[in-house]
Amino acid sequence: MHVLVVEDDPRLGRLLRRLLEEERHVVELATDVRSALELAEEVGGLEAIVLDVGLPDGSGLDVARRLRATGSTIPILILTARDTVVDRVTGLDAGADDYLVKPFAFEELAARLRALARRAGGHEAVRSGLRLEVGSIALDEARREVTADGKRVELSPREFSLLEYFLRHPGEALTRDRLLDHVWPSGVAVTPNAVDAYVHYLRDKLGPSGDRIRTLRGIGYRLEDSA
Ligand code: CA
């Protein structure tokens with residue numbers, strides 16, 4: 001799943017990102033109301049939001065209200081420090097789908113996210129997030145299928161994850177370190193050279209469309225989003 005975590009406590013934010021990435025989620029991290037709304041608008045294909053209530057520039061509930069007001073149906077899980085009926089009701093009224101009271105066990109957060117994803121299975125927002133397309137490259141997450149120039153492309157799981165990350169960040173300069181952080185699970189010993197090797201395989205398999213993955217000398221790679 002592609003998850004936006006909104007948490008201003010830097011330690012908890014980093015921990016959530018790491019644990020969710022170990023569960024094969026793609027994670028965006030925001031630390032306040034403003035950046036949460038920006039990311040929710042800019043990042044295509046978000047499938048869930050984990051939302052802290054107490055943020056430095058306002059309440060997480062305002063993020064939920066604003067998103068719902070714009071018609072967003074992304075499942076929202078609220079993290080609240082207080083377990084009172086009023087807070088829970090306010091959170092659900094604001095448009096949240098579920099809530100967790102801090103402190104919580106990570107396993108419980110992971111389980112709640114899975115349940116939200118199952119319930120949201122029929123949502124338009126989630127369905128559209130399952131298909132990523134740039135130029136003539138298309139990736140269907142549900143079917144685990146990739147086509148380039150109309151032809152099926154067989155990718156290894158790692159190549160698939162790498163392409164998925166490129167397609168989620170078209171036009172962005174992606175450093176080798178960032179690709180390592182997001183595509184390889186933490187704790188696995190790999191060097192930046194592994195990124196180069198996998199990009200090479202991926203380009204080869206994508207045929208002419210593989211040229212869209214440009215090498216940025218001294219930086220990393222970019223998937224060109226215009227012809
Ligand atoms: Ca907080």
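First, a word on what this report is: a plain description of the structure on this page. (Residues numbered from 1 in each chain as written. Predicted model: local features only at pLDDT ≥ 70, side-chain atom pairs only at ≥ 80, totals over all residues. Heavy atoms only, no water.)

Considering the overall build of the chain
Assigned secondary structure in the chain consists of 9 helices and 14 strands. If one aligns the C-alpha atoms of the chain with their principal axes, the spans along those axes are about 55 × 35 × 30 Å. By the burial criterion, 46% of the 227 residues in the chain qualify as buried. Accessible surface for the chain amounts to roughly 11,400 Å². Of this, 50% is attributable to carbon and sulfur atoms. Side-chain charges of the chain comprise 32 positive and 39 negative groups, with the mean position of each set lying 3 Å from the other. (Helix = DSSP H or I, 4+ residues; strand = E, 2+ residues; numbered from the N terminus. Buried < 20%, exposed > 50% of the residue type's maximum accessible area, 1.4 Å probe, protein only. Areas by Shrake-Rupley, 256 points an atom, 1.4 Å probe, with all protein chains shown as cover. Lys, Arg positive; Asp, Glu negative; His and termini not counted. Charge placed at Lys NZ, Arg CZ, Asp CG, Glu CD.)

Some thoughts on the coordination of the calcium ion
Here the calcium ion is held by the protein donor atoms D8 (OD), D52 (OD) and G54 (O), which lie 2.2 to 2.4 Å from it. Along the chain, the residues that donate to the calcium ion are spaced as D-x43-D-x1-G. With a gap of 46 residues between them, D8 in the loop between β1 (2–6) and α1 (10–22) and G54 in strand β4 (residues 54–55) connect regions that are remote in the sequence. On the basis of relative accessibility, which here comes to 31%, the residue D8 falls in the partly exposed class. (Donors = N, O, S within 2.8 Å, 3.2 Å for Na, K, Ca; no water.)

Topic: the nonpolar core
Counting residues in hydrophobic clusters, the biggest one holds 27 residues, and the most contacted among them are L163, F166 and L206. If you list the elements that add at least two residues to this core, you get β8 (131–134), β9 (137–140), β10 (145–148), α7 (157–168), α8 (176–183), α9 (192–206) and β14 (220–223). The biggest single contributor to this core is α7, with 6 residues. Not counting residues within four places of it along the chain, the set of residues in contact with F166 comprises L174, L179, V199, L202, I213, Y221 and L223. (Core = buried A, V, L, I, M, F, W, Y, C linked by side-chain atoms within 4.5 Å. Contact = heavy atoms within 4.5 Å.)

Some details on helix α3 (residues 60–69)
Within α3, the full set of buried residues consists of G60, L61, V63, A64 and L67. Along α3, the residues classed as buried sweep out an arc of 155 degrees about the axis, all on the same side. Seen from the buried face of α3, the exposed residues on the opposite side, beyond 90 degrees, are R66 and A69. The backbone nitrogen of L61 has a side-chain oxygen 2.9 Å away, supplied by the residue at the start of α3, namely S59. G71 sits one or two residues past α3 and shows a positive phi near 90 degrees. (Arc of directions from axis to C-beta. Polar contact = N/O pair within 3.5 Å; in protein donor to acceptor, adjacent residues only side chain to side chain.)

A closer look at the sheet that holds strand β13 (residues 213–216)
In space, the 3 strands of this open sheet follow the order β12-β14-β13, with antiparallel pairing throughout. Two strands in the sheet have a free side with no partner beyond their single neighbour: β12 (174–175) and β13. Where β13 and β14 come together, 4 bridges link them in antiparallel fashion. Note that in β14 the partner of T215 across the bridge is Y221. Relative to the sheet, α7 contacts β12, β13 and β14, its axis offset from that of β14 by approximately 65 degrees. Against the sheet, α9 touches β13 and β14, its axis set at about 150 degrees to β13. (Pairing = 2+ DSSP bridges. Axes fitted to C-alpha atoms, helices over the stretch in contact; angles between N-to-C directions.)

Structural notes on the pattern of salt bridges
Following the criterion strictly, the structure yields 19 salt bridges and no others. In this structure, D98 engages R112 in a salt bridge whose closest nitrogen and oxygen atoms are separated by 3.1 Å. Here D98, found in strand β7 (residues 98–101), pairs with R112, found in helix α5 (residues 106–119); they are 14 residues apart in sequence, far enough to count as distant. Looking at D98, the relative accessible area reads 12%, which means it is buried. Two residues, E224 and R214, come together in a salt bridge whose shortest N-O distance is 3.4 Å. A residue pair is termed long-range when its members are at least 10 positions apart, and E224 in the segment after β14 and R214 in strand β13 qualify at 10 residues. Judged by its relative accessible area of 42%, R214 is partly exposed. When salt bridges that share partners are traced, they join E7, D52 and K102 into one network. (Salt bridge = Lys/Arg side-chain N within 4 Å of Asp/Glu carboxyl O.)

Focus: the packing of aromatic side chains
With the rule as written, the count across this model stands at 1 aromatic pair. Judged by centre distance (5.4 Å) and plane angle (80 degrees), the rings of Y198 and Y201 are edge-to-face. Highlighted residues: Y198 and Y201, both in helix α9, separated by 3 residues, approximately one helical turn. For Y198, a relative accessible area of 24% puts it in the partly exposed group. The partly exposed category is assigned to Y201, whose relative accessible area is 40%. (Phe/Tyr/Trp six-rings, centres within 6.5 Å; stacked < 30°, edge-to-face > 60°.)

None of the figures reported here should be taken as evidence of function without further support.
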